[in-house]
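Report on the structure
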Amino acid sequence: MPSIFTRIIQGEVPCHKVAETEDFLAFLDISPLAKGHTLVVPKIEVDNLFDLQEDTYIGLQLFAKIVAEGIAKGIKCNRVGVAVVGLEVPHAHIHLVPINHIGDINFEKERLNLKPEKLAKIAANIRKMIPGQ
């Protein structure tokens, strides 16, 4: 059975896309830790990030860097935090979270509940900060 991320990649489940290439997709987390919390995934379904082929792993990291730069320009924050947890969806992914304090990237804290219209605006704001998107 395909993961929810594979279903998003295939267009079966909608998302608020931030950036996309032939091999990777970045979209907003629908239950974010902060406004602009973005998930970066390879289009190939592999459960564990460290099981990716080396070229895919490196490509994903470079893509995440480009997306993080867009987040930093589009969302007011001190930094863009990076986390790989990998427990909630069996599809390799990187969390990019706009942060101002270390506690902002605590995955045990209560998530934001943003309306789809707000998520769409946030995604558009980030997207326009990423070249080629």
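A brief structural summary. Each residue is numbered by its place in its chain's sequence as written, counting from 1. The predicted nature of this model means local features are confined to residues of pLDDT at least 70 and side-chain atom pairs, given and counted, to a pLDDT of 80 or more, with totals for whole chains, interfaces and linings taken over all residues. Neither water nor hydrogens contribute to the side-chain values; these are computed over all heavy atoms in the structure.

**So, the overall build of the protein chain**
Selection rule: A run of DSSP states H or I qualifies as a helix once it reaches four residues; a run of E qualifies as a strand once it reaches two. Both are numbered from the N-terminal end. Only protein chains enter the accessibility calculation, which uses a 1.4 Å probe; a residue is then buried when its area is under 20% of its type maximum, exposed when over 50%, and partly exposed in between. Only heavy atoms matter for contacts: two residues are in contact if any of them lie within 4.5 Å across the pair. Neither His nor the chain ends is counted toward charge; the positive residues are Lys and Arg and the negative residues Asp and Glu. A charged residue contributes its charge at one atom only: NZ of Lys, CZ of Arg, CG of Asp or CD of Glu.
A count of helices and strands for the protein chain gives three helices and five strands. Taken from the N to the C terminus, the helices and strands of the protein chain come in the order α-β-β-β-α-β-β-α. For the protein chain, buried positions account for 44% of its 133 residues. Of all intrachain contacts in the protein chain linking residues separated by at least 6 positions in sequence, the fraction that spans at least 24 positions is 59%. Between the mean site of the 15 positive side-chain charges and the mean site of the 16 negative ones, the protein chain shows a separation of 14 Å.

**Overview of the layout of surface pockets**
The test is simple: Every definition here rests on a 1 Å grid over the protein atoms only: cavities are sets of points where a 1.4 Å probe fits but cannot get out, pockets are open sets enclosed by protein on both sides within 12 Å along at least five of seven lines, and lining residues have some atom within 4 Å of a point. Grid points are joined across faces, edges and corners, and a volume is the space filled by probe spheres set on the points. Residues are sorted three ways: Asp, Glu, Lys and Arg are charged, Ala, Val, Leu, Ile, Met, Phe, Trp, Tyr, Cys and Pro are nonpolar, and all the rest, Gly among them, are polar.
Of the pockets and cavities examined, the largest pocket occupies roughly 250 Å³. Lining the largest pocket are 17 residues, with Phe5, Phe27, Asp29, Ile30 and Leu39 sitting closest to its centre. Looking at the lining of the largest pocket, the elements with two or more residues in it are helix H1 (4-9) and strand E2 (24-28). Among the elements that make up the lining of the largest pocket, the one with the highest residue count is H1 (three residues). For the lining of the largest pocket, the per-class residue count stands at 11 nonpolar, three polar and three charged.

**Notes on the nonpolar core**
Burial of nonpolar side chains together is a common tendency in soluble globular proteins. Put simply, the rule reads: Among buried residues, those of type Ala, Val, Leu, Ile, Met, Phe, Trp, Tyr and Cys that are joined through side-chain atoms within 4.5 Å constitute a nonpolar core.
By size, the foremost hydrophobic cluster in this structure holds 27 residues, and its most contacted members are Val18, Val40, Val67, Leu96 and Ile126. Tallying contributions element by element places helix H2 (residues 54-74) first for this core, with six residues. Setting aside its immediate chain neighbours within four residues, Val40 contacts Leu25, Ala26, Leu60, Phe63, Ala64, Val67, Ala92, His93, Ile94 and Leu96. Listed in part, the eight residues of the second largest apolar core include Phe5, Val13, Leu25 and Phe27.

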